[in-house]
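For reference, the chains in residue letters:
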Amino acid sequence: MRILIIEDEKRLADSIKKGLEQESYAADVSYEGTDGMGMALIQDYDLIILDLMLPGMDGMEICKKLRTEENIQSSILMLTARGQIKDRVEGLNCGADDYLTKPFAFEELLARIKALSRRPRRSLGAILSAGDLNLDTISYKVKRAGRTIKLSKTEYALLEFLLKNKGMVLTKDQIIGNVWNYDADVLPNTVEVYIRYLRNKIEKPFRGKKPLIETIRGFGYRIGGRT
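The rules behind these values
Residues numbered from 1 in each chain as written. Predicted model: local features only at pLDDT ≥ 70, side-chain atom pairs only at ≥ 80, totals over all residues. Heavy atoms only, no water. Helix = DSSP H or I, 4+ residues; strand = E, 2+ residues; numbered from the N terminus. Contact = heavy atoms within 4.5 Å. Areas by Shrake-Rupley, 256 points an atom, 1.4 Å probe, with all protein chains shown as cover. Core = buried A, V, L, I, M, F, W, Y, C linked by side-chain atoms within 4.5 Å. Buried < 20%, exposed > 50% of the residue type's maximum accessible area, 1.4 Å probe, protein only. Pairing = 2+ DSSP bridges. Axes fitted to C-alpha atoms, helices over the stretch in contact; angles between N-to-C directions. Phe/Tyr/Trp six-rings, centres within 6.5 Å; stacked < 30°, edge-to-face > 60°. Right-handed = clockwise from strand over helix to strand, strands pointing away.

Per the secondary structure count, the chain includes 8 helices and 11 strands. Considering only intrachain contacts with a sequence separation of at least 6, the fraction spanning at least 24 residues in the chain is 58%. Approximately 11,900 Å² of the chain is accessible, and the part contributed by carbon and sulfur atoms is 50%.

This is the structure in structure tokens:
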């Protein structure tokens, strides 16, 4: 699951990012509204944690633009120091999925994130599949032909991204941008290494079955064939 944090309180934003990464989420941070809006348009995030009061562009305006102008379907969890009911109602009416008032415990934030993740995205269900391979985005379980497959955090994130874009050819740059953190120093050959790791777990043990991940020479990788 990939999360964008748009929060101008640097210490708070960095603390949330660190906590989420310890929980196996990929997390990016923006400390300014306009920059955060740009990041939300460039990357496909599962969830956006959005502060209400931001320099450049406030959270309410960002939320409205993402929903009404850009048709961004990422879940939006709005953070604010305001506690009045009218502010919470306005945030929810502009397209936010949930609302959390500062100060808050990280455990509550994490519980709300997990609750939002249990809601199927408008365009995808909870189960992603290709052939007899299934990935459950709620339980984080991966199975092929009924057999459970154990993956590392990065292997899981890579497989999830491939399955969310089943039938599409994904370049190494696209994979790096969506699987690893925004500020991670990842080389293109790292993608090749993790594709090999993934194949060793979801293909190699299943002899006689059709390979799932296809290498498109000069372009990238695809899972599930053409759409």
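The nonpolar side chains of a soluble globular protein tend to be buried with one another. In terms of nonpolar packing, the biggest core is built from 27 residues, with Leu133, Leu159, Leu162, Ile175, Ile202, Ile213 and Ile223 touching the most fellow members. Ranked by residues supplied to this core, first place goes to helix α6 (residues 153–164) with 6 residues. Dropping the residues within four chain positions of it, isoleucine 202 is found in contact with Leu133, Arg144, Ile149, Leu159, Leu212 and Ile213. Judged by nonpolar contacts, the second largest core, of 21 residues, contains Ile6, Met37, Ala40 and Leu50.

Bringing the environment of glycine 19 into the picture now. Summarising the element assignment, glycine 19 is placed in helix α1 (residues 10–22). Separated by 87 residues in the primary sequence, glycine 19 and phenylalanine 106 have C-alpha atoms spaced 7.8 Å apart.

Another point: the sheet that holds strand β7 (residues 133–136). Strand order in the open sheet made by the 4 strands is β6-β7-β8-β9, with antiparallel pairing throughout. Edge strands, defined here as strands with exactly one partner in the open sheet, are β6 (127–130) and β9 (147–149). Between one strand and the next, the sheet's axes are offset by a mean angle of 25 degrees, whatever the strand orientation. Across 3 bridges, the pairing between strand β8 (residues 142–144) and β9 is antiparallel. The residue bridging arginine 144 from the neighbouring strand is arginine 147, located in β9. With respect to the sheet, α6 is in contact with β6, β7 and β8, its orientation differing from that of β7 by roughly 110 degrees.

By secondary structure assignment, the location of arginine 67 is in helix α3 (residues 59–69). For arginine 67, a relative accessible area of 15% translates into the label buried. Excluding its chain neighbours within four sequence positions, the residues that come into contact with arginine 67 are Ile72, Gln73, Ser74, Ser75, Ile76, Cys94, Gly95 and Asp97.

In this section: the packing of aromatic side chains. Using the criterion set out here, one finds 3 aromatic pairs in the structure. With a centroid separation of 5.6 Å and 75 degrees between ring planes, the pair formed by tryptophan 180 and tyrosine 194 is classed as edge-to-face. In this pair, tryptophan 180 is assigned in the loop between α7 (172–179) and α8 (188–202) and tyrosine 194 in helix α8, connecting sequence segments 14 residues apart. With centroids separated by 5.1 Å and ring planes inclined at 80 degrees, the aromatic side chains of tyrosine 194 and tyrosine 197 adopt a geometry described as edge-to-face. Placement of the pair is tyrosine 194 and tyrosine 197 together in helix α8, with a separation of 3 residues, close to one helical turn.

Moving on: unusual backbone geometry. Residue proline 103 is reached from lysine 102 by a cis peptide bond, and omega for that bond is -10 degrees. At alanine 145, a position not held by glycine, the phi torsion is positive, near 55 degrees. Mapped onto the elements, alanine 145 comes out in the loop between β8 and β9.

Taking burial as the measure, the 5 residues of strand β1 (residues 2–6) include 5 buried ones, the bulk of the element. Burial along β1 is two-sided: Arg2, Leu4 and Ile6 and Ile3 and Ile5, pointing in opposite directions, are all buried. Between β1 and its parallel partner strand β2 (residues 26–30), the chain crosses via α1, and the hand of that crossover is right-handed. As defined by bridge partners, β1 adjoins strand β3 (residues 47–51) across 4 bridges and the pair is classed as parallel.

The analysis is restricted to geometry; functional conclusions fall outside its scope.
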